[in-house]
Amino acid sequence: MQALTKQPWLTQAASRSVLVALAMGGATPRFVGGCVRDGLLGHTSADLDIAIDQTPEDSMALLKGAGIKVIPTGLKHGTITAVAGGQHFEITTLRVDVETDGRHAQVAYTDDWTADASRRDFTMNALYADLDGNVFDPLGGMADVEARRVRFIGDPHERIKEDALRILRFFRFHAQFDLLSYDADGLSACHAHFDLIANLSGERIREELFKIL
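Source: prediction; values computed, not measured. Along each chain, residue indices are assigned from 1 in the same order as the chain's sequence is written. Only residues with pLDDT of at least 70 are given local features in this predicted model, and only at 80 or more are side-chain atom pairs given and counted; all residues enter the totals for whole chains, interfaces and linings. The side-chain numbers reported here are obtained from all heavy atoms of the structure, hydrogens and water having been left aside.

**Observations concerning helix 9 (residues 184–192)**
- Working definition: with a 1.4 Å probe on protein chains only, accessible area under 20% of the residue-type maximum means buried, over 50% means exposed, and in between means partly exposed. Numbering of helices and strands starts at the N terminus; helices are DSSP runs of H or I of at least 4 residues and strands are runs of E of at least 2. Buried within helix 9 are the following residues: G186, A189 and C190. Viewed along the axis of helix 9, the buried residues span an arc of 100°, placing them on a single side of the element. Seen from the open side of helix 9, the exposed residues pointing more than 90 degrees away from its buried face are A184 and H191.
- Residues of helix 9 that are buried in the fold lie against helix 7 (156–162) and helix 8 (165–176). Here, the arc refers to the directions that run from the helix axis to the C-beta atoms. Two residues form a contact once any of their heavy atoms are found within 4.5 Å.

As structure tokens, this is what we get:
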């Protein structure tokens, strides 16, 4: 566990109200992904994602009991959205992939944080932080953030076959964080499977290209 420099999204009342409500059933809610990564890099973030080891139905009940608005945005994938203080919090139950087809994944719930981290794309996106800023790093993502290195989790070929959008995300993060060197294994895998991009929707490709630009 390492401490995250205090971010506005960690100290705001809305964040505290959502995480406190989610924890009332005994679960452990943690911020995850981009907001944690960006915070460690010294950037702010408006996209606040939360991972939790309880079902979305239990999370919805606890939030509603605390008077917090809840939207069932993606129940099929274990995701709901809480709205507090004008801020949206996307809350997703810990998951593992049961089956993938290169675009979509069938998921099952788990209470294993390392298993949830292992299904993500890059180590720098598999970082979790509690409300006190303590960072949980099951896959060595902190070292990659410090080295400013975009590294696939596990076998990069398998990660890309699961979702070809990760090729574009690989280059997007290099552009976003002004990184000059590429992880050799990741770059090689992107080159080997670039043809899979053709299976993605135009909307997904457009969104990533706009972010790269």
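Structure shown, so let's carry the discussion forward.
**Things to note about the packing of aromatic side chains**
- The aromatic pairing rule takes the rings of Phe, Tyr and Trp, using the six-membered ring of Trp, and pairs them if the centres are within 6.5 Å, calling planes under 30 degrees apart stacked, those over 60 edge-to-face and the rest tilted. All told, the structure shown has 12 aromatic pairs when counted by the stated rule.
- Measuring from ring centre to ring centre gives 6.1 Å for Y128 and F136, while their planes differ by 45°; the resulting arrangement is tilted.
- Under the relative-accessibility criterion, Y128 is labelled buried at 0%.
- What makes F136 partly exposed here is its relative accessible area of 22%.
- Centroid distance F152 to F170: 5.5 Å. Interplanar angle 10°. Geometry classified as stacked. With F152 in the loop between helix 6 (141–146) and helix 7 and F170 in helix 8, the pair connects residues that are 18 residues apart, well separated along the chain.
- The exposure class of F152 is buried, given its relative accessible area of 3%.
- One Lys or Arg, R30, reaches over the ring of F136 and ends 4.5 Å from the middle of that ring.
- One residue, R172, lies across the ring of F173, its end atom 4.7 Å from the ring centre. A ring is considered to have a charge above it if a Lys NZ or an Arg CZ atom is located within 6 Å of its centre and within 35 degrees of its normal.

Any link to function would need more than the numbers given here.
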